[in-house]
Amino acid sequence: MNFARFPRIRLGHLPTPLEPMPRLTKALGGPEIWIKRDDCTGLSTGGNKTRKLEFLMAEAKAQGADIVLTQGATQSNHARQTAAAAAKLGMDCHILLEDRTGIEDPNYKLNGNVLLDRLHGATMEHRPAGLDMNAELEKVAQRFRDEGRNAYAIPGGGSNPTGALGYALCALELLNQLTETGLAVDHIVHATGSAGTQAGLVTGLSALNAQIPVLGIGVRAPKPKQEENVFNLACATAEKLGCAGVVKREDVVANCDYVGEGYGIPAESTLEAIDLFARTDGILLDPVYSAKGGAGLIDLIRKGHFGKEERVVFLHTGGAIGLTAYTKALGVI
Ligand SMILES: *Cc1c(COP(=O)(O)O)cnc(C)c1O
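Draft legend 1. Structural detail: the overall build of the chain. Tallying secondary structure elements over the chain gives eleven helices and ten strands in all. Taken over C-alpha atoms, the radius of gyration comes to 19 Å for the chain, in line with the 20 Å a tight globule of 333 residues would show. Along the longest, intermediate and shortest principal axes, the C-alpha atoms of the chain span 60 × 50 × 35 Å. Per-residue burial over the chain gives 59% buried out of 333 residues. In the chain, once contacts between residues fewer than 6 apart in sequence are set aside, the share between residues at least 24 apart is 80%. Here the chain has roughly 13100 Å² of accessible surface; of this, 52% comes from carbon and sulfur atoms.

Draft legend 2. Focus on unusual backbone geometry. Cis geometry is found at the peptide bond from Leu14 to Pro15, where omega equals -5 degrees. Mapped onto the secondary structure, Pro15 falls in the segment before β1 (18–20). A cis amide bond links Gly30 to the next residue, Pro31, at an omega of 5 degrees. Structurally, the position occupied by Pro31 is in the loop between α1 (22–28) and β2 (32–37). Although it is not a glycine, Ser44 sits at a positive phi angle of roughly 50 degrees. Examined against the element boundaries, Ser44 turns out to sit in the loop between β2 and α2 (49–62).

Draft legend 3. Layout of the sheet that holds strand β7 (residues 187–192). Strand order across the open sheet formed by six strands is β1-β2-β10-β7-β8-β9, with mixed pairing between neighbours. Every interior strand has two partners, whereas the edge strands, β1 and β9 (253–255), have only one. Within this sheet the neighbouring strands show an average axis-to-axis angle of 30 degrees, counted without direction. Where strand β8 (residues 214–218) lies against β9, three bridges are found, and the strand directions are parallel. Note on β9: the bridge partner recorded for Gly216 is Ala254. On top of the sheet, helix α7 (residues 161–181) reaches β1, β2, β7 and β10 (311–316); it is set at about 130 degrees to β2, its chief contact.

Draft legend 4. Looking closely at the packing of aromatic side chains. Using the criterion set out here, one finds three aromatic pairs in the structure. When the ring of Tyr108 is compared with that of Tyr326, the centres are 5.5 Å apart and the planes differ by 85 degrees; the resulting orientation is edge-to-face. You can see Tyr108 sitting in helix α4 (residues 106–110) and its partner Tyr326 sitting in the segment after β10, a full 218 residues away along the chain. Both residues of the pair, Tyr108 and Tyr326, count as buried. Geometrically, the ring pair formed by Tyr263 and Tyr289 is edge-to-face, given 5.8 Å between the ring centres and 75 degrees between the ring planes. Taken together, the positions of Tyr263 in the loop between β9 and α10 (268–280) and Tyr289 in the loop between α10 and α11 (290–302) put the pair 26 residues apart, joining distant regions of the chain. Sitting above the plane of the Tyr289 ring, Lys49 keeps its charged end 5.4 Å from the centroid. Cation over ring: Arg220 sits above Tyr263, and NZ or CZ is 5.7 Å from the ring centre.

Draft legend 5. Representation of the pairing of β7 in the model. A large share of β7 lies buried, amounting to six of its six residues. A crossover connection joins β7 to the parallel β8 through helix α8 (residues 196–207); in handedness this β-α-β unit is right-handed.

Draft legend 6. Just the site of the ligand, in detail. The local shell around the ligand holds 17 residues, among which Lys49, Lys52, Ser194, Thr197 and Thr317 are the closest. Here an oxygen atom of the ligand and a side-chain polar atom of Ser194 are 2.5 Å apart. Between the ligand and Thr317 there is a distance of 2.6 Å, counted from a nitrogen atom to a side-chain nitrogen or oxygen. Taken by itself the ligand offers 380 Å² of open surface, and the protein chains cover 99% of this. Of all the secondary structure elements, the ones that give two or more residues to the shell around the ligand are α2, β7 and α8.

Reading guide: rules and limits
Residues numbered from 1 in each chain as written. Predicted model: local features only at pLDDT ≥ 70, side-chain atom pairs only at ≥ 80, totals over all residues. Heavy atoms only, no water. Helix = DSSP H or I, 4+ residues; strand = E, 2+ residues; numbered from the N terminus. Rg over C-alpha atoms; globule rule 2.2 N^0.38 Å. Buried < 20%, exposed > 50% of the residue type's maximum accessible area, 1.4 Å probe, protein only. Contact = heavy atoms within 4.5 Å. Areas by Shrake-Rupley, 256 points an atom, 1.4 Å probe, with all protein chains shown as cover. Pairing = 2+ DSSP bridges. Axes fitted to C-alpha atoms, helices over the stretch in contact; angles between N-to-C directions. Phe/Tyr/Trp six-rings, centres within 6.5 Å; stacked < 30°, edge-to-face > 60°. Lys NZ or Arg CZ within 6 Å of the ring centre and 35° of its normal. Right-handed = clockwise from strand over helix to strand, strands pointing away. Near = heavy atom within 4 Å. Polar contact = N/O pair within 3.5 Å; in protein donor to acceptor, adjacent residues only side chain to side chain.

This is the structure in structure tokens:
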């Protein structure tokens with residue numbers, strides 16, 4: 001793993017803090033919970049896509065792109081961070097938003113990430129639910145190329161081997177923090193969606209022989225599909241890094257029991273996680289990703305999945321700006 005071989009533009013405030021969560025730990029009665037604050041990466045309220053964009057935007061620049069395109073659901077955190085990165089680097093940004101949830105609340109359609117997309121100067125177009133969005137993205141990118149633009153298309157969630165490099169590098173960052181502080185960790189838990197975060201983390205941890213299992217809590221796909229997506233991307237990422245074969249199938253574990261009714265629809269357990277994290281250690285989760293991850297963590301702790309004496313790191317992938325789009329579900333208005 002020699003990251004200096006790949007173009008990278010610094011966008012994030014890194015390393016992100018690694019902090020204890022004493023009040024949540026106490027409320028749940030162990031294991032000892034720590035939080036890796038990737039909600040604090042700094043770019044336009046932060047989040048996990050910033051690490052991926054350091055490599056993706058550098059590749060776009062290296063290819064001479066003048067416009068980046070990406071796609072996501074209406075409240076995509078990835079789209080918002082891409083729009084901010086493009087602004088910072090003086091590139092245009094065009095976003096394809098899928099109406100994946102069918103939520104009609106004006107706050108959902110205009111507030112939160114959508115508001116920030118606009119503030120960063122991104123242009124947008126919309127698609128109904130259920131299309132192959134990466135195929136739609138390619139079509140739109142071609143439209144810009146036909147107009148003479150040098151368009152760089154970033155897949156949904158920034159999840160390809162280039163983007164996943166960001167999380168392989170995060171594995172190195174985390175292991176360094178654990179080494180410096182002498183903290184032995186037994187598990188890493190985080191929300192998994194388009195798979196790049198888990199694929200990169202697992203690749204990095206495997207290449208470093210860290211021997212810390214990663215548990216992805218799914219937000220959309222059923223377990224077999226989610227694990228297949230993560231594993232395939234991890235294999236491609238390992239190959240890119242020159243360590244092909246380092247990730248074993250059994251290293252990829254997802255639990256998809258906390259999706260509820262579907263992507264972007266908060267379940268009871270999602271709302272409880274938002275409440276509990278906010279009222280114990282003052283941490284803001286988001287209703288689409290990190291709170292489903294948090295719900296999985298809470299429930300698995302209650303079920304005794306982790307030993308009371310063990311130590312768990314919850315990777316906070318960000319997204320709290322999305323809370324302002326979900327005021328109805330949160331019972332605020
Ligand atoms: C995108 C996202 C995730 C999921 O990460 P993937 O790399 O897509 O699996 C988790 N949490 C938040 C807040 C996100 O925006």
